[in-house]
Amino acid sequence: MCRLAALSPGIHQEEAWLIMEAMTRKIDKDGTGFASWINGEASISKWPLALWDVKEKKLPLFEQLPSKTWSVVHVRKETTDSVGIHDTHPWQFGDWIVCHNGQWSDAKVVRAALGNKYKYKGWTDSEVAASLIAEIGPKAFYECTESHAGVYLAINKDGTLWVIKKGGELEFGYSKKKKRFIASDIRQPYEYTTIEDGWYHYDAKGNLLEHFSEKESKEKEWDFGKNEWRRGHPKGGSYSHEENLRTNVRSIETIDSMDELAADSGSLFSDADYNRE
């Protein structure tokens, strides 16, 4: 798989090189690219070369840094047997710049559906995913995309960053000058925390605006279930099957027999549902 990073406003060229060199592996040799929005215009620099070759040739990878908004950078390990400038991340579609790490299984269907509109130039699933993000937006893309589809970094023309994570490696860290960045497989000496699956929306200054985390969502559902079915139990334990039904339909005055209701509802609920730990 590839490696990618989102650099917050204010990160300088020297820091960007250190971050990328720390996470890039020898197998990430099939493409290097950088992109940001400069005064409303997309600025993309990319080559079908390894990061170390780009540095040795003194190509202008980070010449736009420091930036006033988010930037993204990507190093590629090909999985399509196609290496070229058109298969190198990132891509621009409309108001979006996108790069991706992972494999996305819906590419063939979307390519067939949107190919007349977007005129794809390469053969990667990532280019097609980028076009769909531009077409329907990051939230809708997250909702309709399968699990284990990888990591997507998308910068809008307004300078905001969207992070979409469905499997793969991604971490939030701080540079030596305490600037924020998001990257694959951050290593020492950087401080970092793992980013959970979900989507995350950052403003142009690098602050988190809103997010959805799969882990937090599951924890809330779990807590809601426990509170809903255990609330008010005098001994703090689990309600029995019949007690749960009585608690949750107490306001229904037309029920004459709770014993009858419990018997009729036995096929809908199992005792395991009311003994969660």
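Residues numbered from 1 in each chain as written. Predicted model: local features only at pLDDT ≥ 70, side-chain atom pairs only at ≥ 80, totals over all residues. Heavy atoms only, no water.

(A) Spotlight on the overall build of the protein chain. Each helix and strand counted, the protein chain has 8 helices and 13 strands in total. Sorting the 277 residues of the protein chain into buried and exposed places 48% on the buried side. Relative to all contacts within the protein chain whose residues are 6 or more apart in sequence, the contacts with residues 24 or more apart total 61%. Of the roughly 14500 Å² that the protein chain leaves accessible, carbon and sulfur atoms contribute 49%. (Helix = DSSP H or I, 4+ residues; strand = E, 2+ residues; numbered from the N terminus. Buried < 20%, exposed > 50% of the residue type's maximum accessible area, 1.4 Å probe, protein only. Contact = heavy atoms within 4.5 Å. Areas by Shrake-Rupley, 256 points an atom, 1.4 Å probe, with all protein chains shown as cover.)

(B) Geometry of the pattern of salt bridges. Tallied over the full model, the rule gives 9 salt bridges. In this structure, Asp 185 engages Arg 3 in a salt bridge whose closest nitrogen and oxygen atoms are separated by 3.9 Å. Of this pair, Asp 185 sits in the loop between β10 (180-183) and β11 (191-194) while Arg 3 sits in strand β1 (residues 3-7), and the two are 182 residues apart along the sequence. Salt bridges here are not isolated pairs; linked through shared partners, they connect Arg 3, Glu 169 and Asp 185. (Salt bridge = Lys/Arg side-chain N within 4 Å of Asp/Glu carboxyl O.)

(C) Layout of the sheet that holds strand β5 (residues 91-93). Strand order in this open sheet of 6 strands is β5-β6-β7-β8-β12-β13, and the pairing throughout is antiparallel. What marks the edges here is a single partner per strand, and that holds for β5 and β13 (208-213). On average, adjacent strands in this sheet sit at an angle of 15 degrees to one another, irrespective of strand direction. Of the strands in this sheet, β5, β6 (96-101), β7 (150-156) and β8 (161-166) touch helix α4 (residues 125-136), which is tilted by about 30 degrees from β5. (Pairing = 2+ DSSP bridges. Axes fitted to C-alpha atoms, helices over the stretch in contact; angles between N-to-C directions.)

(D) Fine view of the confidence of the model for the protein chain. Looking at the protein chain as a whole, its pLDDT mean stands at 81, while 78% of the residues score no less than 70. This model gives residues 224-277 a pLDDT under 50, and the stretch forms 52 contacts once residues within four places in sequence are excluded. (pLDDT = per-residue confidence, 0-100.)

(E) Region of interest: the sheet that holds β11. Taken in spatial order, the 7 strands of this open sheet run β3-β2-β4-β1-β10-β9-β11, and their pairing is antiparallel. The open sheet has two free edges, formed respectively by β3 (41-47) and β11, since each of these has just one partner strand. The average angle at which neighbouring strand axes cross in this sheet is 15 degrees, direction not considered. Relative to β3, strand β2 (residues 32-38) runs antiparallel, the two sharing 7 bridges. For Ser 36, the partnering residue across the bridge sits in β3 and is Ser 43.

(F) Layout of the side chain of Thr 69. Of note, Thr 69 is situated in the loop between α2 (51-56) and β4 (71-75). Beyond its immediate stretch of four places on either side in the chain, Thr 69 contacts Leu 7, Ser 8, Pro 9, Trp 37, Gly 159 and Ala 204.

(G) Representation of the packing of aromatic side chains. All told, the structure shown has 12 aromatic pairs when counted by the stated rule. A centroid spacing of 5.5 Å and a plane angle of 85 degrees characterise the contact between Phe 172 and Tyr 174, whose relative ring orientation is edge-to-face. Here the guanidinium or amino end of Lys 166 rests over the ring plane of Tyr 142, the centre of that ring lying 4.4 Å away. (Phe/Tyr/Trp six-rings, centres within 6.5 Å; stacked < 30°, edge-to-face > 60°. Lys NZ or Arg CZ within 6 Å of the ring centre and 35° of its normal.)

(H) Expanded view of the nonpolar core. Counting 23 residues, the largest nonpolar core has Trp 104, Val 110, Tyr 120, Ile 133, Phe 141 and Tyr 152 as the members making the most contacts within it. In terms of residues, this core owes the most to one element, α4, which gives 5 residues. Excluding residues within four positions of it along the chain, Phe 141 makes contact with Trp 104, Ala 129, Leu 132, Ile 133, Ile 136, Tyr 152 and Ile 164. (Core = buried A, V, L, I, M, F, W, Y, C linked by side-chain atoms within 4.5 Å.)

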